[in-house]
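# Observations on chain architecture
Now for the letters of each chain:
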Amino acid sequence: MLPLSKLCVHTITTKPWPIEVAMDKYAAAGIGGITVWRQALEGKNIETVRAGLASRNLEVVSLCRGGFFPAADVKGLQAAIDDNLRAIDEAAALGAPMIVLVCGAVPGQPLEKSRDQIVDGIQAVLPHAEACGVKLAIEPLHPMYADDRSAISTMAQANAACERIGSPSVGIAVDVYHVWWDDALPDQIRLAAQHNRLFAFHVCDWMTPTTDLLNDRGLMGEGCIDIPGIRKAMEEAGFDGFNEVEIFSNRWWSQDQDAFLSRIVSAYQEHC
Ligand code: ZN
């Protein structure tokens, strides 16, 4: 059975809970890690949150999220860089070792151009990230989001971007929701591992039918993704980090969050 010490929950998964409640509930459930979404920090004193997490022995796995580098004009490109610099400051203040990047795209703009802007944007913020000791994890997103959320849709594209950037501080967040369908996935996981780029592993499930492109993710075991198979591929490649539960679901958010967290823990042990 997978140890709870390797279970991490994203604050967005239990979105109805403020972070103070989430940290109490996660710790009480014996969960080892937390990935903090920036929305959960709005209006909060980050130092106070950091102390609260530390006192509950919750390891901060990452801050979600940075990215959205592509833009139609210079002003937009600079605004994205400024926001990512702020995210790096927040991660450093929180004690988060890594920021997950949803890289962005601009509808109507060629994807190749957006990928160039993503590489340029990451390179622009990289010195600050390195100075702060914060790693940057590119998360390839399912191609259904290639219009406006990520021009990086596959592990191969993520590996290629990392190759162009060439920094040990830039790697990949593998989220089963986005890459489960890709027959190149095992090879690309191994390639990423060879370059020490496997930074994070996110789990949830793919519902059939999916009724909302963004907010209809399933709990592990509810859908069709071979989560144990992908986790084994990650571990055989050398990944030994957290299994991060990241579920956006209007259905689950509308239910009792204590019961949902119990379901998360059992689904993690039975289906991951
Ligand atoms: Zn993810």
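Presented here is a report on the structure given in the accompanying data block. (Residues numbered from 1 in each chain as written. Predicted model: local features only at pLDDT ≥ 70, side-chain atom pairs only at ≥ 80, totals over all residues. Heavy atoms only, no water.)

## Describing the coordination of the zinc ion
Donor atoms from the polypeptide that bind the zinc ion are Glu 139 (OE), Asp 175 (OD), His 202 (ND1) and Glu 246 (OE), placed at 2.0 to 2.2 Å. Every donor counted, the four donor atoms about the zinc ion form angles of 82 to 146° at the centre, which fits irregular coordination. Counting the intervening residues between successive donors of the zinc ion yields the motif E-x35-D-x26-H-x43-E. Here His 202 lies in strand 7 (residues 198-203) and Asp 175 lies in strand 6 (residues 170-175), a separation of 27 residues in the sequence. Classification of His 202 as buried rests on a relative accessible area of 0%. (Donors = N, O, S within 2.8 Å, 3.2 Å for Na, K, Ca; no water. Tetrahedral: all angles 85-135°; square planar, octahedral: opposite > 155°, others 65-115°. Helix = DSSP H or I, 4+ residues; strand = E, 2+ residues; numbered from the N terminus. Buried < 20%, exposed > 50% of the residue type's maximum accessible area, 1.4 Å probe, protein only.)

## Some points on helix 7 (residues 185-194)
Taken residue by residue, helix 7 has Leu 185, Gln 188, Ile 189, Ala 192 and Ala 193 as its buried positions. Looking down the long axis of helix 7, one finds its buried residues gathered within 140° of arc, a one-sided arrangement. Where the residues of helix 7 are buried, they touch helix 5 (155-165), strand 6, helix 6 (176-179), strand 7 and helix 8 (227-236). Positioned one or two residues after helix 7, Asn 196 has a phi angle of 55°, which is positive. (Arc of directions from axis to C-beta. Contact = heavy atoms within 4.5 Å.)

## Describing the sheet that holds strand 1 (residues 7-10)
Working definition: the strands of a sheet are paired by backbone hydrogen bonds and lie parallel or antiparallel to each other. Ordered in space as 1-2-3-4-5-6-7-10, the eight strands form a closed barrel in which the pairing is parallel. In this sheet, neighbouring strand axes are inclined to one another by 30° on average, regardless of whether the strands run parallel or antiparallel. Sheet topology places strand 7 next to strand 10 (residues 243-245); two bridges connect them, and they run parallel. Bridged to His 202 within strand 10 is Glu 244. Packed onto the sheet, helix 4 (residues 111-132) meets strand 4 (98-102), strand 5 (135-138) and strand 6 and runs at close to 150° relative to strand 5. (Pairing = 2+ DSSP bridges. Axes fitted to C-alpha atoms, helices over the stretch in contact; angles between N-to-C directions.)

## Quick look at the environment of Thr 11
With respect to the secondary-structure elements, Thr 11 resides in the loop between strand 1 and helix 1 (19-28). Spatially, the C-alpha atoms of Thr 11 and Glu 90 are 16 Å apart, while their sequence positions differ by 79 residues. If near-sequence neighbours (up to four positions away) are discounted, Thr 11 is found in contact with Ile 19, Tyr 26, Ile 34, Thr 35, Val 36, Trp 37 and Ala 40.

## Focus on empty space enclosed by the protein
With a probe scaled to a water molecule rolled over the atoms, the places where space remains empty come into view. With the rule as written, the count across this model stands at one cavity of 30 Å³ or more. Of the voids in this model, the largest cavity is the one considered here, and its volume is about 120 Å³. In terms of lining residues, the largest cavity is bounded by 14 residues, among which Arg 65, Val 102, Leu 141, Arg 217 and Phe 248 are the most central. Within the lining of the largest cavity, the residues separate by chemical class into eight nonpolar, one polar and five charged. (1 Å grid on protein atoms, 1.4 Å probe; cavity = no way out; pocket = protein on both sides within 12 Å on 5 of 7 lines; lining within 4 Å. Points joined across faces, edges and corners; volume = space filled by probe spheres on them. Nonpolar A, V, L, I, M, F, W, Y, C, P; charged D, E, K, R; others polar.)

## A look at the nonpolar core
Core analysis: the biggest nonpolar cluster contains 81 residues, and Leu 94, Ile 138 and Met 220 have the highest contact counts within it. Those residues in contact with Ile 138 that lie beyond four places of it in its chain are Leu 101, Cys 103, Ile 122, Ile 152, Ala 158, Ala 161, Cys 162, Val 170, Gly 171, Ile 172 and Ala 173. Core analysis: the next-biggest nonpolar cluster, separate from the first, contains 11 residues, Ile 12, Val 100, Phe 199 and Ala 200 among them. (Core = buried A, V, L, I, M, F, W, Y, C linked by side-chain atoms within 4.5 Å.)

## A few points about the layout of surface pockets
Roughly 280 Å³ of internal volume is contained in the largest pocket. Together, 16 residues line the largest pocket, and Lys 135, Leu 198, Phe 199, Phe 239 and Asp 240 are the ones closest to its centre. Considering only residue class, the lining of the largest pocket consists of 10 nonpolar, three polar and three charged.

## Some remarks on the pairing of strand 6
A large share of strand 6 lies buried, amounting to six of its six residues. A crossover connection joins strand 5 to the parallel strand 6 through helix 5; in handedness this β-α-β unit is right-handed. Looking at chain direction, strand 6 and strand 7 are connected through four bridges and run parallel. Counterpart to Val 174 in the pairing with strand 7 is Phe 201. (Right-handed = clockwise from strand over helix to strand, strands pointing away.)

## Here's the deal with the pattern of salt bridges
Considering all chains together, one arrives at 14 salt bridges under this definition. Between Glu 163 and Arg 197 there is a salt bridge whose closest N-O contact spans 2.6 Å. Of this pair, Glu 163 sits in helix 5 while Arg 197 is found in the loop between helix 7 and strand 7, placing the two residues 34 residues apart along the sequence. Taken together, the shared-partner salt bridges in this structure form one network comprising Arg 38, Asp 83, Arg 86 and Glu 90. (Salt bridge = Lys/Arg side-chain N within 4 Å of Asp/Glu carboxyl O.)

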